[in-house]
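Listed below are the residues making up each chain.
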Amino acid sequence: MKCILSRLGATMPRFKYQQPKVYRCGKRPQVWRADWYVYDTDNRRKHRTGTFGPTAATSRAIAQQACNERVQTETSQTPPKTAVPTLSQLLTDVYLPLKVRWSRNTRLNMRACIRKFIEPALGAMPITQLNRVTLQKHLIVLAEQSVCLTTIERVRMILHAALDEALENDYLNRNPARKLEIPPTRPRKETRSLTEQEVSRLFGCLSGEERLFFRIMILTGARLGEVLALKRDDLTPGFLRIDQSAMRRELGPTKTRKSRTVAIPQALEVEIRHWLEIRLDSWPLLFPTRSGGVRQQNHWPARLLKRARGATGISDLNYRMCRATCATLLDADIADVQAVLGHA
């Protein structure tokens, strides 16, 4: 047996990755110390010893992390890291570029969430200084600022996923966002639907393009970006095709990446065709800019909404109410309502 082991020992692979534990050494003062082995080009083992700070000023976790980095560098010949990235650098250079399957709208929304709710408080911190207490306090502060539950859940998801990437790239030994809890937040405010009197007042106070815009929103249940992306060829006898959405002056896929066809009343079809006939241009979009481009959601639609609130006296009017009103008016089962509204 000894001969067999001796023969195997010459060709057995060495352990490339070692995880020595730091221990206290010395009397006064004590220091953190660890032992490991390295192998030269002739496969000869050499003993290494290192100290990682005094025990009075350095915690075991910090000493262990420094030990792991040094051992990994010496045993696997990986170049030492010149600098630990900040959370903002991690999100910009590592996390976001890897999300290749996100749609353009999703990417814009995630960037906005990072820019508004993560980077101001945590962006400048090196990721090695982040811990569960710091991240949990940040979520609590967001809840105290009346940030909605959906946004806080998105912040937690982004932090967890980004720090997982740091863990995979050997910047961290563990993910500090792994056990974050959602703090109590303000309850979600349900979007109410418009009453019949409010709908009649809305249609009566508006005219032309503005009236047609709200008519399509309420009678089809389409999202704001989907209405802004409607084209001439989307109108067919009795139906309206919804297959694109507008965001930042560009057209892209819908939220669910699916196309749907919605039945429309004959009166609405007549209004759309009349609107296209009296227009003096041949732009493909139903609601284009003066130059034929795609309108931004926070420009003309925002001004239209403000005028509609003042004309109708409905102070809480918003475009989500149009979708809720459509769902209320539809006399169909849940599956049909979801199909019309374009839910996943």
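For the structure given in this document, a descriptive report is provided here.

Cut-offs applied
- Residues numbered from 1 in each chain as written.
- Predicted model: local features only at pLDDT ≥ 70, side-chain atom pairs only at ≥ 80, totals over all residues.
- Heavy atoms only, no water.
- Pairing = 2+ DSSP bridges.
- Helix = DSSP H or I, 4+ residues; strand = E, 2+ residues; numbered from the N terminus.
- Axes fitted to C-alpha atoms, helices over the stretch in contact; angles between N-to-C directions.
- Parallel < 35°, antiparallel > 145°, perpendicular 65-115°, else oblique.
- Contact = heavy atoms within 4.5 Å.
- Nonpolar A, V, L, I, M, F, W, Y, C, P; charged D, E, K, R; others polar.
- Buried < 20%, exposed > 50% of the residue type's maximum accessible area, 1.4 Å probe, protein only.
- Polar contact = N/O pair within 3.5 Å; in protein donor to acceptor, adjacent residues only side chain to side chain.
- Core = buried A, V, L, I, M, F, W, Y, C linked by side-chain atoms within 4.5 Å.

### Observations concerning the sheet that holds strand β8 (residues 260–263)
Thinking step 1. Judged by pairing direction, the sheet is antiparallel, and its three strands sit side by side in the order β4-β5-β8 without closing on themselves. Across the chains shown, the open sheet's two edge strands, defined by having one partner strand only, are β4 (235–236) and β8.
Thinking step 2. Alignment of strand β5 (residues 239–242) against β8, held across four bridges, turns out to be antiparallel. Counterpart to F239 in the pairing with β8 is A263.

### A closer look at the packing of helix α4 (residues 104–117) against helix α7 (residues 149–168)
Thinking step 1. Viewed as axis vectors pointing N to C, α4 and α7 meet at an angle of 95°, and their least axial separation amounts to 11 Å. Judged by the angle between their axes, α4 and α7 are roughly perpendicular. Between α4, through N109, M110, C113, I114 and F117, and α7, the contact on the second element is made entirely by T151, R154, V155, M157 and I158.
Thinking step 2. For the contact of α4 with α7, the residue count by class is seven nonpolar, two polar and one charged.

### Some thoughts on the environment of R60
Thinking step 1. Within the secondary structure, R60 sits in helix α2 (residues 60–76).
Thinking step 2. Taking relative accessible area as the criterion, R60 reaches 45% and is therefore assigned partly exposed.
Thinking step 3. The sequence separation of R60 and R24 amounts to 36 residues, and the corresponding C-alpha distance is 9.3 Å.
Thinking step 4. R60 has contacts with V22, R24 and W32, leaving out every residue within four places of it along the chain.
Thinking step 5. Polar contacts involving the side chain of R60 include one to the main-chain carbonyl oxygen of V22, which spans 3.2 Å.

### Considering the nonpolar core
Thinking step 1. Counting residues in each nonpolar core, the largest one holds 40 residues, and the members touching the most others are L202, F213, F214, I216 and L317.
Thinking step 2. Listing elements by their share of this core, those giving two or more residues are α8 (196–205), α9 (208–220), α10 (224–228), β5, α11 (266–278), α12 (300–312) and α13 (319–329).
Thinking step 3. Examining the composition of this core, we find that six residues originate from one element, α9, more than from any other.
Thinking step 4. Not counting chain neighbours up to four residues away, the residues in contact with F213 comprise L224, V227, L228, F287, W300, L304 and Y319.

Worth remembering: the numbers are spatial, not functional.
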